[in-house]
Each structure stands twice: as C-alpha cells, then as structure tokens.
Amino acid sequence: MFFKYSEENAIRVPEPFQRIMTPLMVTDTADRSIPFSVHFTEWEPGKQVDRHTHSDAMEPMLCVSGNAHAKIDGKWVEFVPGSMIVADKNEEHCIVNDGGETLKVLCIFAPPVSAEDLRARAFAAVEASKKA
C-alpha cells in the first residue's frame with residue numbers, strides 16, 4: 001500500500017480546539033484491512049486539544065516539530081521533537097501548544113479509525129464545549 005500526505009484531506013477543527021488533522025492512512029482510504037491508522041495533527045501556538053479518552057483505541061503520538069506540554073497518565077510532560085506519548089484505551093490525555101511555532105504531531109490509532117471518525121470525534125468535542 002502507498003499513502004501520501006495531502007492538504008486536500010485536511011480536517012479543519014474550529015475553536016476552542018482549533019487544529020488541522022490530516023488523515024494519511026485511514027480505513028476509508030486503504031484498499032485492504034489495516035491494523036492501525038495514521039494522521040498528522042497541527043496546532044498553532046496557544047492552541048490545544050480537549051482532555052479526552054478513547055474507549056476503543058490506543059493512541060501513540062510522536063512530536064515531529066514544535067514545543068508543547070502534554071498531560072498523560074495524570075502527569076504533565078514536556079512534548080518536544082523526538083518525544084512520544086501513548087494514551088492507552090480510556091486514558092485521559094491532552095496536548096497544549098505553549099511554544100512559539102506550529103506543533104506537528106504524528107498520531108496513530110490501533111485499532112484503526114476512519115477520517116470520518118476523526119472528524120466526528122473532534123467536532124463533538126467542539127460542540128460539547130459550547131454547552132459547558
């Protein structure tokens with residue numbers, strides 16, 4: 001299989017959890033069954049993702065560029081290039097880009113998700129924040 005990053009596939013998540021998620025290898029673009037999915041997520045300085053869990057998947061996240069802090073396993077850690085956090089099923093996690101440049105993170109889901117799953121999860125968090 002071959003997959004290529006394409007900005008055309010970007011999912012633009014609005015405030016308060018503004019970020020761009022670009023599916024790379026997901027179930028709705030694979031031509032066969034895959035054991036995991038991959039997407040890039042990018043946050044501008046000052047942006048963050050909501051505190052959340054995944055009841056159905058583990059999510060390893062590798063910091064490619066930028067400087068941030070992540071909360072995982074109840075602890076805040078420095079999230080910098082070359083570092084990785086891994087959220088097990090039902091483990092709360094979040095990432096805050098408190099650095100001065102775009103944060104780029106490679107995210108993996110196992111078992112895999114679709115681009116539509118990514119979109120639905122992100123937009124549900126945005127809607128929930130409006131009701132809070």
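Calculation notes
Residues numbered from 1 in each chain as written. Predicted model: local features only at pLDDT ≥ 70, side-chain atom pairs only at ≥ 80, totals over all residues. Heavy atoms only, no water. Pairing = 2+ DSSP bridges. Helix = DSSP H or I, 4+ residues; strand = E, 2+ residues; numbered from the N terminus. Axes fitted to C-alpha atoms, helices over the stretch in contact; angles between N-to-C directions. Buried < 20%, exposed > 50% of the residue type's maximum accessible area, 1.4 Å probe, protein only. Contact = heavy atoms within 4.5 Å. Core = buried A, V, L, I, M, F, W, Y, C linked by side-chain atoms within 4.5 Å.

With that out of the way, let us pick up the sheet that holds strand 5 (residues 68-72). Within the open sheet, the 3 strands sit side by side as 6-5-8. Their pairing is antiparallel. Taken across any chain shown, the strands that pair with only one partner, and hence form the sheet edges, are strand 6 (75-79) and strand 8 (93-96). This sheet shows a mean twist of 20° between the axes of neighbouring strands, independent of strand direction. One ladder, built from 5 bridges, connects strand 5 with strand 6; its direction is antiparallel. Paired with lysine 71 across the strands is tryptophan 76, a residue of strand 6.

Strand order in the open sheet made by the 6 strands is 1-2-3-9-4-7, with antiparallel pairing throughout. Every other strand in the sheet has two partners, leaving strand 1 (11-13) and strand 7 (84-87) as the edge strands with one partner each. Taking each pair of neighbouring strands and ignoring which way they run, the sheet shows an average axis angle of 25°. When strand 4 (residues 59-65) meets strand 7, the two strands line up antiparallel, connected through 4 bridges.

What follows is about the side chain of serine 83. Within the secondary structure, serine 83 is located in the loop between strand 6 and strand 7. Among the residues examined, serine 83 registers a relative accessible area of 18% and is labelled buried. Apart from residues no more than four positions distant in its own chain, serine 83 is found in contact with Met61, Leu62, Cys63 and Glu78.

Quick look at the nonpolar core now. Counting 15 residues, the largest nonpolar core has Trp43, Met61, Phe79, Ile85, Ile95, Leu103 and Val105 as its most contacted members. Here phenylalanine 79 is in contact with Met61, Leu62, Cys63, Gly66, Asn67, Ala68, His69, Ala70, Met84, Ile85, Ile95 and Val105, once residues within four sequence places are set aside. Counting 13 residues, the second-largest nonpolar core is a separate cluster that includes Val13, Leu118, Ala125 and Val126.

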